[in-house]
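A closer look at the structure
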Amino acid sequence: MYYIGIDVSKKDLSVFNGKKDLKFINQEGLRPFKKYLKGKYKNFSDLVIIFEPTGIYSFKLKEFCAENSIKAYIVNPKRSHSFARSLGIRPKDDKIDARILYQFHRLIDSKDIKVPKIDQQTKVLSSYLTSYEFTVKQRVAISNHLESLRDEKLVSLLKKELKRAQKLEDKIFHDILEYIRQNQNLREDYERLLTISGVGEKMAIALLTLFKTYQGTNRAQITALVGLDSTKRESGSSVRGRAKISKNGKAIYRKVSYLPAICATVHNQKIKIFYQRLLAHHKPKKLAIIASMRKILLIAHAMYRDKTEYMAV
């Protein structure tokens, strides 16, 4: 098996093939990169490309692998970062990152190496969700900055910008909903998710995008992808850290789940019983809310997987 580590940026692919550092333009079709692969390898069946998911920038590479039946392993950025630290590598640039990703092949389980699949609906949903997340951050940043301003001229100017940011955020959200409603399979899955008491439109959209993106995942995998899996720092008998969630994966999935989980502890009978049982066992409130987030996620995932309706208590 031949491995290639690739660090993906907006403009370039930094490539390390185990012997040599190379660079290719990150453009639609990746023709120069394909020409190199054809000249270097007789066929692509023994080739594995290792890279991190960098949003829209890595999508061209993922699409390239799918179109050319090239196997890939997509590394969670936090895992590759931890791997680099374990190797004692502190400096960071594109070449170093590509070399680290190449070395990551030593940790890969062969069953996790596969040709990526591109689903057009998943592509559209992911683009919308990423854009929506960006506009929310922009609007919040402007709003926070406004609070610190005292100059009337600047306040007036920023208030206009805040209105534009809010308008754009609302427009993108409306467009996501419209796209879902126009596609029957998406609409049916979305409406099923909304039947879970506590789950609103934003959370249903995020969960639908997550489940569409990671088809075939099990309970442990989907929990880890959202970053709600437990992690604990222990060393011998002297170091025993508190259990925490890993916070791997996209933060937006956790952000849109937190308030709905709090709401569900009051209005969703199943989650309410679960939450109160944790409190009765002296679990901290925050930990019980996080556990409720995980519970809702797993219920929603099972409903999406099996195409079943929500069963209240």
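Before going into details, it helps to say that this report is about the structure given with it.

In terms of helices and strands, the chain carries 12 helices and nine strands. Accessible area of the chain: about 18500 Å², with a carbon and sulfur share of 52%. Side-chain charges in the chain split into 61 positive and 31 negative, and the spacing between the mean points of these groups amounts to 5 Å.

Glancing now at the pairing of strand 4 (residues 47–51). Within strand 4, five of the five residues are buried, which leaves it mostly tucked inside the rest of the structure. As paired elements, strand 1 (residues 2–8) and strand 4 share five bridges and run parallel to each other. Bridge pairing links Ile6 to Phe51 in strand 4. Across four bridges, the pairing between strand 4 and strand 5 (residues 71–74) is parallel. Residue pairing in the sheet places Ile50 in a bridge with Tyr73 of strand 5.

Residues Lys78, Lys244, Lys247 and Lys286 make up a contiguous surface patch of positive charge. With respect to the helices, strands and loops of the structure, Lys244 is situated in strand 9 (residues 244–245).

Take the packing of helix 7 (residues 184–194) against helix 8 (residues 201–213) next. Running from amino to carboxyl end, helix 7 crosses helix 8 at an angle of 125°, the nearest separation of the two axes being 9 Å. Judged on the interaxial angle alone, helix 8 and helix 7 are oblique. The handedness of the crossing between helix 7 and helix 8 is right-handed. Across from Asn185, Leu186, Asp189, Tyr190, Leu193 and Leu194 in helix 7, the residues of helix 8 making contact are Glu201, Ala204, Ile205, Leu207, Leu208, Phe211 and Lys212.

Among the surface-exposed residues, Tyr258, Leu259 and Ile262 lie close enough to one another that they form a single nonpolar patch of about 270 Å² accessible area. Structurally, the position occupied by Ile262 is in helix 10 (residues 251–267).

For Lys212, the location among the structural elements is in helix 8. On the basis of relative accessible area, Lys212 is assigned to the buried category, the value being 9%. Setting aside its immediate chain neighbours within four residues, Lys212 contacts Asp119, Gln121, Thr122, Leu125, Asn185, Leu186 and Tyr304.

Further remarks concern the environment of Phe211. Among the secondary structure elements, Phe211 is positioned in helix 8. What Phe211 contacts, discounting residues up to four positions off in sequence, is Leu193, Ile222, Leu297, Ala300, His301 and Tyr304.

A few words now on the pattern of salt bridges. Opposite charge on two side chains allows them to pair when their charged atoms are near. For the coordinates displayed, the defined rule picks out 11 salt bridges. Measuring nitrogen to oxygen at the nearest pair gives 3.9 Å for the salt bridge that ties Glu133 to Lys137. Of this pair, Glu133 and Lys137 both sit in helix 5 (residues 120–148), separated by four residues, roughly a single helical turn. Members of the salt-bridge network, linked through shared partners, are Asp189, Arg192 and Lys307.

For helix 10, with 17 residues, the first-to-last C-alpha span of 25 Å sits near the 24 Å given by 1.5 Å per residue. The largest bend along helix 10 reaches roughly 30° and is located at Tyr258, with the proline Pro260 sitting one to four residues downstream. Looking only at helix 10, the buried set comprises Ile252, Tyr253, Arg254, Val256, Ser257, Pro260, Ala261, Ala264 and Thr265. Tucked into the core, helix 10 has its buried residues touching helix 5, helix 8, helix 9 (219–226), strand 9, helix 11 (269–280) and helix 12 (285–306).

The rules we used
- Residues numbered from 1 in each chain as written.
- Predicted model: local features only at pLDDT ≥ 70, side-chain atom pairs only at ≥ 80, totals over all residues.
- Heavy atoms only, no water.
- Helix = DSSP H or I, 4+ residues; strand = E, 2+ residues; numbered from the N terminus.
- Areas by Shrake-Rupley, 256 points an atom, 1.4 Å probe, with all protein chains shown as cover.
- Lys, Arg positive; Asp, Glu negative; His and termini not counted.
- Charge placed at Lys NZ, Arg CZ, Asp CG, Glu CD.
- Buried < 20%, exposed > 50% of the residue type's maximum accessible area, 1.4 Å probe, protein only.
- Pairing = 2+ DSSP bridges.
- Patch = residues over 30% accessible without salt bridge, like charges linked within 9 Å, V, L, I, M, F, W, Y side chains within 5 Å.
- Salt bridge = Lys/Arg side-chain N within 4 Å of Asp/Glu carboxyl O.
- Axes fitted to C-alpha atoms, helices over the stretch in contact; angles between N-to-C directions.
- Parallel < 35°, antiparallel > 145°, perpendicular 65-115°, else oblique.
- Left-handed = near helix turned anticlockwise from the far one by under 90°.
- Contact = heavy atoms within 4.5 Å.
- Expected span 1.5 Å × (residues − 1).
- Bend = angle between axes of the 7 residues up to and from the residue.

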